[in-house]
Each structure stands twice: as C-alpha cells, then as structure tokens.
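Chain by chain, the residues:
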Amino acid sequence: MATENCKEVEVEVVGDQEAPLHGDILEAILSHVPLIDLVPASHVSKSWKSAVFSSLHQSTAATNNKLNQWLIVHKQRVRSPYHTTTHAYDPRSHVWIEITPPPSIGHVSILRSSHSTLLYSLSPSSLSFSSDPLHLTWHHAAPPTTWRSDPVVAAVGRHVIIAGGGCDFEDNPLAVEIYDVESRTWDRTCGSVPANLKDSSSSTWLSIATNNTKLFITEKQSGATHAFEPDTKTWSGPFDLRPDPRICCSVIAFSNGRLILIGLIGDVDGLKGVKMWGVNCDTFECEGLIGEMPLELVAKLKRENSSVCVGGSVVYVYDPEGAEEVIWCELGVGGCRWGSVRCAVAIERNRMDRLVFTCSTVGIEDVEKAMRWGNRRFRPLRW
Amino acid sequence: MASSIENNNEKLTLKSSDGEEFLVEKHVALQSTLLQNMLDSDCSSADVIPLPKIDARTLALVLGYCKKHADASSSKQGELNSFDSEFLKDMDMGALFNLVLAANFMEIKGLLDIAAQKIADTIKDKPHQEVREIFHVENDYTPEEEAAVREENRWAFEGFP
C-alpha cells in the first residue's frame, strides 16, 4: 500500500537558470503585493512589468486590484511651525503608509481640505491649493481681497471658488470670488453667497461637493443645499436634502459622477443609523436608497457629526473630531460592501493636532512619479 | 464490493512526476478542483492519476494541506489559520515556488492564496535587484533604462530619517 508520507527521494529543485514563476501564477502573486512595492517589482524585468500591469487590472474574490482609492490623512500641529505628517490608507492591500516628506506648504500655514480631492491653504498673503492624487504639485495664487477665516473653497473645472466666511467688519462678508487657474486671475464681481450660509464655518458645518460645472453646498444640520455655477455666477436653492425626517446630519459627495447624500439618523440618545441616497443634480430629489450602514459600524461613529471623503466607488465616512475608526463603503453593481479601518494616526494624535482628509485614486504611475519626481518615500506601517 | 455506502472511503492513486504513488482518500482529493472535475467526469478512481508537473516532496506537502482542510471543514477557522501559517513557516523559496505551481495546477484555491501571499511578502520592501536574484529573473532592461530605475530607487529605499 502506498503511503501519504513523503519518502526520502531526490527532489528536483526548480531550475536555477530560468525564472520559475511567470504568467498567471506571477500575476496571482503580484496581486498580493502592495502598490508601493509593485513599483520596484515592475523594474525587475520587462515581463515582470507587464505582469504587474495586468495584475492591477484583475479582480478576484480574494483580491480587488482595482481598489485604488486611497484615503490621505494629513496631521498638522495647530501652532506655527505647523509640523505636518502625511499618511495614506491603501484599501487594495489594507495597509497604512507613511509618505515623507509631507507637502512643503504644510510648514508655513494651515492645511484644509474640501470636497474629497482639494487640499488647500489660505492665508492673508496667498491661496495655495493642490488636487493631484498625492498632492505633489501646488498652485500658488494671490489671496482673495476679502479676508475670511473659514470660507467655502472649492475647485470646479478650471475655477477655484472662494465664498463666504468673511469677518463681519468686511464690507461684504458673504462675497464670492473666483480664481481662474488658467489665466491666473481673480474675478471679484461674483455676488454673494445666500445669506442663510452666513453663520456656518465651512470646515465644521458645511459639506461640499463639486463636479466639472457646479459647486454644491449642504448645511450639515438642516440639509439645506445650494448650488453655484461659476460660468454664470448663479446660485440655486435652497433645496431640502432630507429624504428621511430623522436625519440629523447630511453630507454630500460625488461618486463616479453621481451626487450622493449620506444621512446620519439619530436623536438626543445618539446615532441610530446611516443611509446613503443618490441625488438628482437638477431636481435635487433623492432617487432611491443606495445602501445602509450595518449597525455595528454605526456604533463606531458614535457622534452625530460626520464628514465624508469619496474617490471613485469608495466612500469613507468618519467623525472629523475623532476619526479613530474610518468606515468605508465600496459601491458595487451588486450593492454595497461595508467595513471599517482603524486610523492610528487619529488615535496617536494629541490635542494640538488637526487632521485633514482627502481621497485620491492612486495608480502605480502616481506612486512612481512621486518616487521619481516628487522625491517622496513610502513606508508601510504595521500598526 | 463497490457500493454507494463505501463512497466516502473510496481512495484514488496519484502519481508524482518522479514516479511515486500516493493513495488518497476521495474527500481529501476533492480539495483540488482539478481532481474533482476528473472524478465528476467518467474518470475511474481505479486508475492511477499522473501529475507530471509535481514532484513527490511537493505532492506530499499538498496532500498534507488537503487532508487537514478536508478533515477540519467543520472545526474552527482559527485552528486552520494557525495550521496554514505553520505550514509555510521556514519553507525555502524553491519549495514555495513548487508549492504555488502545484496549487495552481491542481486548482487548490486556499493553498494558492496562502502560498502566493507568502511569496508576495518576500517581495515587499526589497529593491528590484534583490527580487531578481530571489526569483531567478534575467534582467532584460538596457543599461540606460536600468540607470533611470536606480535613480528612482535611491529615493524609495534610502533609510527613513
């Protein structure tokens, strides 16, 4: 009778001269390698390079190689010299990565973010902003004429819009100014924001979303939503974005060209649920429920104020004050896939640190560019 | 003697590339989609199934994995996870390569995943020259292309401050 045990046999070792792994099997292995390590892997040989690229276009049940929407977190000290660090979460490999050095702009002024992709800094002497995936390039502009503490700042097509947030001693605290990125000029004759947005400081109480032609602003507490078109300088609204009367906080974002509303449902006793709807950008009607957050994840959000960062089909929901746990949702054809990730940079921060979130679709070419031209280094963290 | 009652105890014989025969219980063999498909079709279990690409040492490892997973299907996942990580621990690269190729050929998804992950882990944090050596890959980049890559890796792999 044969035995299942291995006998002492001469084992034929894989040939030393030729590459034992290639084709599908190499791609299967590469699909387990984090994106930041695929850059050197693509330099091994030309066949490895093509295996790296084709593995990135494949998805299996175990690995979703197309999941490339990174959550980028800048942690910044609130006082000068504004010490800043940059961390990113890569959902494809479930790793946090430290990116050094952080944007040089961080050392001179306060960083803020708006509508998922725009990172900016507004000071009395300049407006600097960046919207490339890893924030390698910064555009520096003259400041707006009206000084503002925390206005709406948003990029719409080739325009950057600054709205409201002005101090009461200014002639018009509600002034809107539009910067044209191509001509590098300001248009100061853009009217005012609707008066009911006057008392809301942007980063805390407003949720902002943009597409190529319009800016959308939702007041989180009331769900009142306004839209602004920079080409015509016209406002519309307010529209009531509250498909459920129990919503206590409404946040908006674009996901693959579709406006979505995330509604936090709760009362004085705390958060009861989180639901997501698609919104028609013209009628401002909610077109049906996209998904509902599982209750065990709702419990991790705790408070009734949330912010959202969206890239492509991935939605990250977090508490802007705490953010120890970030809830993610992948919007797929067959429904939503939910999960959460610990955000150690938020757990480790002290009270003197602020967190600024953006979300970017990061491809291998972006990482390669950052290494080659941006002098960035990427270090995976094991928390 | 053949009857449906005895199906569970049915055995089949696998033959490695170096000619060794392994008698395997059917439920263990079913961990392999390749063998499952062969059994589902009219392949008789009395026949010896040759596996020309898999040597005896690798096949013994593969069958050890299959037996554990077949027998433990109703037991705790945690136990299987610790078995999996022990199973690959201290395995040299040559053995791992053979294992991943065998898992791919025999279509044993779980084994393919853990072996691929283990190999992937060795690629992490390594410059491409080192990966080339470990994986026996011939460098087909021109010296100019290679120089551009070196410049880049200077940044990627310099120690963190």
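Criteria and cut-off values
- Residues numbered from 1 in each chain as written.
- Chains lettered and ligands numbered in written order.
- Predicted model: local features only at pLDDT ≥ 70, side-chain atom pairs only at ≥ 80, totals over all residues.
- Heavy atoms only, no water.
- UniProt positions renumbered as here; feature names shortened; annotations may be inferred.
- Helix = DSSP H or I, 4+ residues; strand = E, 2+ residues; numbered from the N terminus.
- Buried < 20%, exposed > 50% of the residue type's maximum accessible area, 1.4 Å probe, protein only.
- Contact = heavy atoms within 4.5 Å.
- Areas by Shrake-Rupley, 256 points an atom, 1.4 Å probe, with all protein chains shown as cover.
- Pairing = 2+ DSSP bridges.
- Axes fitted to C-alpha atoms, helices over the stretch in contact; angles between N-to-C directions.
- 1 Å grid on protein atoms, 1.4 Å probe; cavity = no way out; pocket = protein on both sides within 12 Å on 5 of 7 lines; lining within 4 Å.
- Points joined across faces, edges and corners; volume = space filled by probe spheres on them.
- Left-handed = near helix turned anticlockwise from the far one by under 90°.
- Nonpolar A, V, L, I, M, F, W, Y, C, P; charged D, E, K, R; others polar.
- pLDDT = per-residue confidence, 0-100.
- Core = buried A, V, L, I, M, F, W, Y, C linked by side-chain atoms within 4.5 Å.
- Salt bridge = Lys/Arg side-chain N within 4 Å of Asp/Glu carboxyl O.
- Phe/Tyr/Trp six-rings, centres within 6.5 Å; stacked < 30°, edge-to-face > 60°.
- Parallel < 35°, antiparallel > 145°, perpendicular 65-115°, else oblique.

- For chain B, the name recorded in an unreviewed UniProt entry is SKP1-like protein, with Rhododendron griersonianum as its organism.
- Word for word, the UniProt comment on chain B under Function (unreviewed entry) is "Involved in ubiquitination and subsequent proteasomal degradation of target proteins. Together with CUL1, RBX1 and a F-box protein, it forms a SCF E3 ubiquitin ligase complex. The functional specificity of this complex depends on the type of F-box protein. In the SCF complex, it serves as an adapter that links the F-box protein to CUL1."
- Listed in UniProt under the heading Sequence similarities (unreviewed entry), the comment for chain B reads: "Belongs to the SKP1 family."

- Chain A is annotated in an unreviewed UniProt entry as F-box domain-containing protein from Rhododendron griersonianum.

1. Focus: the overall build of chain B
- From N to C terminus, chain B includes eight helices and three strands.
- Buried residues in chain B amount to 40% of all 161 residues.
- Intrachain contacts of chain B at a sequence separation of at least 6 include 57% that bridge at least 24 residues.
- Total accessible area on chain B is roughly 8,300 Å²; 51% of this is exposed by carbon and sulfur atoms.

2. A closer look at the sheet that holds strand β10 (residues 176–180) of chain A
Residues and elements named next belong to chain A.
- Read from one edge of the open sheet, four strands run β8-β9-β10-β11, paired in antiparallel fashion. Two strands close off the open sheet at either side, each with one partner strand: β8 (152–156) and β11 (185–187). Neighbour-to-neighbour, the strand axes of the sheet open up by a mean angle of 20 degrees, direction not taken into account.
- With three bridges joining them, β10 and β11 adopt antiparallel strand pairing. Note that in β11 the partner of Ile178 across the bridge is Asp187.

3. Concerning the layout of surface pockets
Residue and element names in this part refer to chain A.
- Of the volumes computed, that of the largest pocket is approximately 670 Å³.
- In terms of lining residues, the largest pocket is bounded by 30 residues, among which Ser113, Ser203, Ser307, Pro320 and Leu355 are the most central.
- Those elements that place two or more of their residues in the lining of the largest pocket are β4 (112–114), α4 (202–205), β12 (206–210), β16 (247–255), β20 (307–311) and β24 (353–361).
- A total of five residues in the lining of the largest pocket trace back to one element, the largest contributor, which is β24.

4. Re the packing of helix α3 (residues 56–71) of chain B against helix α5 (residues 93–106) of chain B
Residues and elements named next belong to chain B.
- At their nearest, the axes of α3 and α5 sit 10 Å apart, and the two run at 65 degrees to each other. Both α3 and α5 take part in a crossing whose hand is right-handed. The segment α3 lies against α5, with Arg57, Thr58, Leu59, Leu61 and Val62 engaging Ala95, Asn98, Leu99, Ala102 and Met106.
- Its residues placed into classes, the contact of α3 with α5 shows seven nonpolar, two polar and one charged.

5. Here we look at the confidence of the model for chain A
- Summary statistics for chain A give a mean pLDDT of 87 and a share of 93% for residues scoring 70 or more.
- Counting interchain partners and residues more than four positions distant, the pLDDT-below-50 stretch residues 1–17 of chain A has 33 contacts.

6. Here we look at the nonpolar core
- By size, the foremost hydrophobic cluster in this structure holds 71 residues, and its most contacted members are Leu30(A), Trp48(A), Trp70(A) and Phe378(A).
- Counting residues in each nonpolar core, the second largest holds 21 residues, with Ile260(A), Ile262(A), Val315(A) and Cys329(A) among its members.

7. Thoughts on the pattern of salt bridges
- Tallying each qualifying case throughout the model produces 21 salt bridges over all chains.
- Across the pair Lys46(A) and Glu145(B) runs a salt bridge whose closest N-O atoms are separated by 4.0 Å. Note that Lys46(A) is positioned in helix α3 (residues 46–55) and Glu145(B) in helix α8 (residues 143–157), a pairing that runs across two chains.
- With a relative accessible area of 32%, Glu145(B) lands in the partly exposed category.
- Across the pair Arg337(A) and Glu330(A) runs a salt bridge, and its minimum N-O distance is 2.8 Å.
- For Arg337(A), a relative accessible area of 44% puts it in the partly exposed group.

8. Let's talk about the confidence of the model for chain B
All names here are of chain B.
- Taken over all residues, the pLDDT of chain B has a mean of 83, while the share at 70 or more is 82%.
- Taken element by element, the predicted model of chain B shows its lowest mean pLDDT in α8 (68) and its highest in α5 (94).
- Of the regions scoring below 50 in pLDDT, residues 1–6 engages in one contact with residues more than four places distant in sequence or in other chains.
- Across residues 157–161, where pLDDT falls below 50, the model places 13 contacts with residues more than four positions away in sequence or in other chains.
- Across the interfaces of the predicted complex, the ipTM metric reaches 0.83, alongside a pTM of 0.86.

9. Examining the packing of aromatic side chains
Residues and elements named next belong to chain A.
- In total, this model carries twelve aromatic pairs over all chains according to the counting rule given.
- On the basis of an interplanar angle of 75 degrees and a centroid distance of 6.2 Å, the ring pair of Phe129 and Tyr179 is categorised as edge-to-face. Remark: Tyr179 occurs in strand β10 and Phe129 occurs in strand β6 (residues 126–130); sequence separation between them is 50 residues.
- Classification of Phe129 by relative accessible area gives buried; the value is 7%.
- With 5.9 Å between their ring centres and 55 degrees between their planes, Phe216 and Phe284 make a pair best called tilted. Here the residue Phe216 occupies a position in strand β13 (residues 215–219), and Phe284 occupies one in the loop between β18 (270–279) and β19 (286–292), the gap between them amounting to 68 residues.
- Phe216 sits in the buried class, given a relative accessible area of 0%.
- Pairwise contacts between aromatic rings join Phe216, Phe239, Phe254 and Phe284 into one cluster.

10. Some words on the sheet that holds β16(A)
All names here are of chain A.
- Taken in spatial order, the four strands of this open sheet run β16-β17-β18-β19, and their pairing is antiparallel. Strands with a single pairing partner mark the edges of an open sheet, and in this sheet they are β16 and β19. In this sheet, adjacent strand axes meet at a mean angle of 30 degrees when their direction is disregarded.

11. Observations regarding the side chain of Ser32(B)
- Mapped onto the secondary structure, Ser32(B) falls in the loop between α1 (26–29) and α2 (33–40).
- Excluding its chain neighbours within four sequence positions, the residues that come into contact with Ser32(B) are Met106(B), Glu107(B) and Ile108(B).

12. Section: the packing of helix α1 (residues 23–30) of chain A against helix α6 (residues 109–123) of chain B
- Running from N to C, α1(A) and α6(B) point in directions that differ by 70 degrees, and their axes come no closer than 8 Å. Taken together, α1(A) and α6(B) sit at an angle that is classed as roughly perpendicular. You can see that α1(A) and α6(B) cross each other, and the crossing is right-handed. Packed against α1(A), whose contacting residues are Ile25(A), Ala28(A), Ile29(A) and Leu30(A), the element α6(B) presents Leu112(B), Ala116(B), Ile119(B), Ala120(B) and Ile123(B) at the interface.
- Looking at side-chain class alone, the contact of α1(A) with α6(B) contains nine nonpolar, no polar and no charged residues.

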